[in-house]
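# Topology and contacts: notes
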Amino acid sequence: MSERTILVTGGAGYIGSHTVKLLASKGEKVVVLDNMVFGHPEAIVSEGVELVVGDVGDRELLDRLFTEHSIDAVVHFAAFAYVGESVENPLKYYRNNTAEPITLLEAMRDHGCKKFIFSSTCATYGTPEIVPITESEKQAPINAYGTSKYMLERILEDCDRAHDIKSVFLRYFNASGCDPGGEIGEDHNPETHLIPRILMAVTGEVDKLTVFGTDYPTPDGTCIRDYIHVNDLADAHEKGLAYLRDGGDTTAVNLGTGRGFSVKEIIDAAQQVTGKDVPVEYGDRRAGDPAQLIADPSKAKEVLGWEAQYKDPAYHLETAWKWMSERGGRY
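A brief look at the structure comes next.

Calculation rules
- Residues numbered from 1 in each chain as written.
- Predicted model: local features only at pLDDT ≥ 70, side-chain atom pairs only at ≥ 80, totals over all residues.
- Heavy atoms only, no water.
- Helix = DSSP H or I, 4+ residues; strand = E, 2+ residues; numbered from the N terminus.
- Rg over C-alpha atoms; globule rule 2.2 N^0.38 Å.
- Contact = heavy atoms within 4.5 Å.
- Areas by Shrake-Rupley, 256 points an atom, 1.4 Å probe, with all protein chains shown as cover.
- Lys, Arg positive; Asp, Glu negative; His and termini not counted.
- Charge placed at Lys NZ, Arg CZ, Asp CG, Glu CD.
- Phe/Tyr/Trp six-rings, centres within 6.5 Å; stacked < 30°, edge-to-face > 60°.
- Lys NZ or Arg CZ within 6 Å of the ring centre and 35° of its normal.
- Pairing = 2+ DSSP bridges.
- Axes fitted to C-alpha atoms, helices over the stretch in contact; angles between N-to-C directions.
- Parallel < 35°, antiparallel > 145°, perpendicular 65-115°, else oblique.
- Left-handed = near helix turned anticlockwise from the far one by under 90°.
- Nonpolar A, V, L, I, M, F, W, Y, C, P; charged D, E, K, R; others polar.
- Buried < 20%, exposed > 50% of the residue type's maximum accessible area, 1.4 Å probe, protein only.
- Core = buried A, V, L, I, M, F, W, Y, C linked by side-chain atoms within 4.5 Å.

Okay, the overall build of the protein chain next. When helices and strands are counted, the protein chain shows 10 helices and 14 strands. Whereas a compact globule of 331 residues would reach a radius of gyration of roughly 20 Å, the protein chain reaches 19 Å, a difference of no more than 12%. Along the first, second and third principal axes, the C-alpha set of the protein chain runs to 55 × 40 × 40 Å. Expressed as a percentage of contacts within the protein chain between residues at least 6 apart in sequence, the contacts between residues at least 24 apart total 77%. Carbon and sulfur atoms make up 46% of the accessible area of the protein chain, which totals about 13,800 Å². A distance of 2 Å separates the average location of the 33 positive side-chain charges in the protein chain from that of its 52 negative side-chain charges.

Backbone geometry follows two general trends: most residues other than glycine have a negative phi, and most peptide bonds adopt the trans configuration. Residue Val 131 is joined to Pro 132 through a cis peptide bond whose omega torsion reads 0°. One can find Pro 132 in the loop between strand E5 (115-121) and helix H5 (144-163). At the junction of Asn 189 and Pro 190, the peptide bond is cis and its omega measures out at 5° in the coordinates. Relative to the helices and strands, Pro 190 resides in the loop between strand E7 (174-176) and helix H6 (194-203). Here Met 36, not a glycine, exhibits a phi torsion of approximately 65°, which is positive. Within the secondary structure, Met 36 is located in the loop between strand E2 (29-34) and strand E3 (50-53). A positive phi angle, near 60°, is found at Asp 164, a position not held by glycine.

Aromatic ring pairs are reported here in terms of the distance separating the ring centres and the angle at which the planes meet. Throughout the structure, instances matching the rule amount to seven aromatic pairs. Where Phe 118 meets Phe 169, the ring centres are 6.4 Å apart and the plane angle is 85°; that geometry is what we call edge-to-face. Of this pair, Phe 118 sits in strand E5 while Phe 169 is found in strand E6 (residues 166-172), placing the two residues 51 residues apart along the sequence. In textbook terms, an aromatic cluster arises when at least three aromatic residues are bridged by ring pairs, as seen for Phe 38, Phe 80, Tyr 82 and Tyr 93. Over the aromatic face of Phe 80 sits the side chain of Lys 92, whose NZ or CZ is 4.8 Å from the ring centroid. Across the ring face of Tyr 216, the terminal group of Arg 285 is positioned such that the distance to the ring centre comes to 4.1 Å.

Spatially, three strands are ordered E12-E9-E14 in an open sheet, and the strand pairing comes out mixed. The sheet is open, and its two borders are formed by strand E12 (261-262) and strand E14 (292-293), each paired with just one other strand. Bridging between strand E9 (residues 224-225) and E14 involves two bridges; their strand directions are parallel. Following the sheet pairing, Arg 225 is matched in E14 by Leu 293.

So, on to the side chain of Ser 148. Structurally, Ser 148 is set in helix H5. In contact with Ser 148, not counting residues within four places along its chain, are Tyr 93, Tyr 94, Asn 97 and Thr 98.

This part is about the packing of helix H4 (residues 90-111) against H5. At a minimum axis separation of 9 Å, H4 and H5 run at an interaxial angle of 20°. Considered as vectors, H4 and H5 are oriented roughly parallel to each other. Crossing geometry of H4 relative to H5 is assigned as right-handed. Across the interface between the two elements, Pro 90, Tyr 93, Tyr 94, Asn 97, Thr 98, Pro 101, Ile 102, Leu 105 and Arg 109 of H4 pack against Ala 144, Tyr 145, Thr 147, Ser 148, Met 151, Leu 152, Ile 155, Leu 156, Cys 159 and His 163 of H5. In the contact of H4 with H5, the residues fall into 13 nonpolar, five polar and one charged.

Attention now goes to the pairing of strand E11 (residues 251-255). The element E11 is largely enclosed, with a buried count of five among its five residues. Along E11, one buried face is formed by Thr 251, Val 253 and Leu 255 and the opposite face, lined by Ala 252 and Asn 254, is buried too.

Quick look at the nonpolar core now. Counting residues in hydrophobic clusters, the biggest one holds 33 residues, and the most contacted among them are Val 8, Ile 15, Leu 170, Leu 255 and Trp 306. Listing elements by their share of this core, those giving two or more residues are strand E1 (4-9), helix H1 (14-25), E2, strand E4 (70-76), E6, helix H7 (230-245), E11 and helix H9 (298-304). Of all the elements, H7 adds the most residues to this core, at six residues. Discounting chain neighbours no more than four positions away, the residues touching Val 8 are Val 20, Leu 23, Val 30, Val 31, Val 32, Leu 33, Val 75 and Phe 77. Leu 199, Val 211, Ala 291 and Met 324 belong to the second largest nonpolar core, which has 27 residues in total.

Next comes the structure, spelled out in structure tokens:
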């Protein structure tokens, strides 16, 4: 049998690839399983990381991986994550984000793998009643994407009770930024995240940035969000893994900075970072966009010893601009 191994599903995607790079730099043996629907093989940059192309719902493949490697933990990123699409095609999201991981959990159960780090989301809260949001906030997702993640959290709780599979649910707020060295970055198609959309407008890849809603009950009328750098997210996955290896119990933690910035503030910061104007069009609100989503990340610090290191969105923009200007935002 080989040495202790981490299986990272969806590890060739945006957050997954940054986490794989960090884990490999710490000397961890990593196997990535990615079906390449949204992943990029070029995003696996660390020596010694094995990339396997396949699905988390392929039991035969999973049995082979668990037999060939001493997999002691799974870090699960593999999911569809377009909110609008999830409303239009909910069954696609429930099959991919909720049903297929059941096969992965069955394989874990049968092969004795007991640790699961889950890439969850603040979308499980829906429209929060209290901001900043704590983990005790009622979970009431308002789209199929959020519900698909919420449902898997409930399944994981049952797997703890029945099979002693311990999990950490990492509820991300707005992931942003790129690898500071520019080696890997954010490359979605289509791209819906605010910061890359702003930079695409700056470079002319899109004609303009559309801002959805200017009449929210916020100081400047635009939505406020908590932007968390992708390297901070990667660090939280490593600390979540250490927590479970130290005997930690199943838990959920918010991953954010605890600070909110409006869409207009991010646009202003982008203009400072790039030295260029951002062409903007103001449109109507999108259905289901809460006015504010800000994390209370204190539990992550208390339980995992994790705290965001990059709280200024200017840094997120600088690292994203490096990726965009040097690599065109593409692999």
